[in-house]
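# Analysis of the macromolecular model
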Amino acid sequence: MRNKLILLNTDHWGSGDDALGQTLLETFFTLLKQEQEPPAAIFCMHRGVLNLTEASVIALHLKEIQDKGVPVLACKTCVDYYGIGDKLYAGEISSMKRFIELSAQHEVFSLV
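Residues numbered from 1 in each chain as written. Predicted model: local features only at pLDDT ≥ 70, side-chain atom pairs only at ≥ 80, totals over all residues. Heavy atoms only, no water.

## A word on the pattern of salt bridges
Note on pairing: side chains with opposite charge can pair once their charged atoms come close. Counted only if it meets this: We count a salt bridge whenever a side-chain nitrogen from Lys or Arg sits within 4 Å of a carboxyl oxygen from Asp or Glu. Each helix is a run of H or I in the DSSP string that is no shorter than four residues. Each strand is a run of E no shorter than two, and both are numbered from the N terminus. Each residue is assigned to one of three classes by its accessible area relative to the maximum for its type, calculated with a 1.4 Å probe on protein chains only: buried under 20%, partly exposed between the two thresholds, exposed over 50%.
Counted according to the given criterion, the structure contains 8 salt bridges. Between D11 and R47 there is a salt bridge; the shortest N-O distance is 2.8 Å. You can see D11 sitting in the loop between strand 1 (4–8) and helix 1 (18–32) and its partner R47 sitting in the loop between strand 2 (41–44) and helix 2 (58–67), a full 36 residues away along the chain. A relative accessible area of 13% means that D11 is categorised as buried.

Quick look at the structure:
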């Protein structure tokens, strides 16, 4: 995952049952934080920014990944849209320009 930019644009992984999708997403990040080679960055947009709040179990995993030096970035437009700027537990507010820069440097792996 070293040269990958993870694009997280959902608060559950896959279509169908949302509870199963949340479990899958949590399992993914639980395992990801244990990898020897972490991703280059994680960029959250759309409903993906909701994973950065204390209301999400996934925020704990994203915080641990961030603490290991991986940039965890949140789309400012999305954070403003959901009104969660003061509720972020993990990540830092960023811009779409930064996503474009990162995606020019790294292969994008999308979680939808």
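What follows continues from the structure just given.
## As for the sheet that holds strand 4 (residues 92–94)
Going by this rule: At least two DSSP bridges between two strands are needed for those strands to be called paired. Each axis is a line fitted through C-alpha atoms, and for a helix only the stretch in contact is used; angles between axes span 0 to 180 degrees, taken between their N-to-C directions. Contact between two residues is taken to exist if any of their heavy atoms lie within 4.5 Å; hydrogens are not considered.
Here 5 strands make up an open sheet; going across it, the order is 4-3-2-1-5 and the pairing parallel. Strands at the two margins of the open sheet, each flanked by one partner only, are strand 4 and strand 5 (107–111). Neighbour to neighbour, the strand axes of the sheet diverge by 30° on average, direction disregarded. Contacting strand 1, strand 2, strand 3 (72–75), strand 4 and strand 5, helix 4 (residues 96–105) runs over the sheet at an angle of about 145° to strand 1.

## Things to note about helix 1
Note the threshold: Given the number of residues in a helix, its expected span is that number minus one, multiplied by 1.5 Å. Directions are taken from the helix axis to each C-beta atom, and the arc is the one they span. We define a polar contact as two N or O atoms separated by no more than 3.5 Å, with the added condition that, inside protein, one atom must be a possible hydrogen donor and the other a possible acceptor, whereas residues neighbouring each other in sequence contribute only through side-chain atom pairs.
The terminal C-alpha atoms of helix 1, which comprises 15 residues, lie 21 Å apart, in line with the 21 Å expected from a rise of 1.5 Å per residue. Turning to helix 1, its buried residues are G21, L25, F28, F29 and L32. Across the axial projection of helix 1, the buried residues extend over an arc of 90°, all falling on one side. Buried residues along helix 1 sit in contact with strand 1, strand 2, helix 2 and strand 5. Capping the start of helix 1 is the job of one residue whose side-chain oxygen sits 3.2 Å from the backbone nitrogen of A19: D17.

## A short note on a nonpolar patch on the surface
Selection criterion: For patches, a residue must show more than 30% relative accessible area and have no salt bridge; joins then use 9 Å for like charges and 5 Å for nonpolar side chains, namely Val, Leu, Ile, Met, Phe, Trp and Tyr. Per-residue and other accessible areas follow the Shrake-Rupley method at a 1.4 Å probe size, with only the shown protein chains counted as cover for residues.
A cluster of nonpolar residues, V57, L60 and Y89, forms a patch on the protein surface that exposes about 260 Å² of accessible area. Here L60 lies in helix 2. Judged by its relative accessible area of 44%, L60 is partly exposed.

## Examining the packing of helix 1 against helix 2
Short version of the rule: An angle counts as roughly parallel when it lies under 35 degrees, as roughly antiparallel when it exceeds 145, as roughly perpendicular when it falls between 65 and 115, and as oblique in every other case. Should the near helix be turned counterclockwise from the far one by less than a right angle, the crossing is left-handed, whereas a clockwise turn marks it as right-handed. Residue polarity follows a fixed list, in which Ala, Val, Leu, Ile, Met, Phe, Trp, Tyr, Cys and Pro are nonpolar, Asp, Glu, Lys and Arg are charged, and the others, Gly among them, are polar.
Where helix 1 contacts helix 2, the two axes come as close as 9 Å, and the packing angle between them is 20°. Considering their axes alone, helix 1 and helix 2 lie roughly parallel with respect to each other. The crossing of helix 1 and helix 2 is left-handed. Packed against helix 1, whose contacting residues are Q22, L25, E26, F29, T30 and L32, the element helix 2 presents I58, H61, L62 and I65 at the interface. Counted by class, the contact of helix 1 with helix 2 contains 6 nonpolar, 3 polar and 1 charged residues.

## Observations regarding the pairing of strand 3
As a reminder, the rule being used: Place the viewer so that the strands point away; then a crossover is right-handed whenever the path from the first strand over the helix to the second strand goes clockwise.
Side chains V72 and A74 of strand 3 all project onto a buried face; the interleaved residues L73 and C75 project onto the opposite face, where all are buried too. Bridge count between strand 2 and strand 3: 3 bridges; the pairing is parallel. The partner of F43 across the bridge, within strand 3, is L73. Of the crossover connections in this fold, the one passing from strand 2 over helix 2 to the parallel strand 3 is right-handed.

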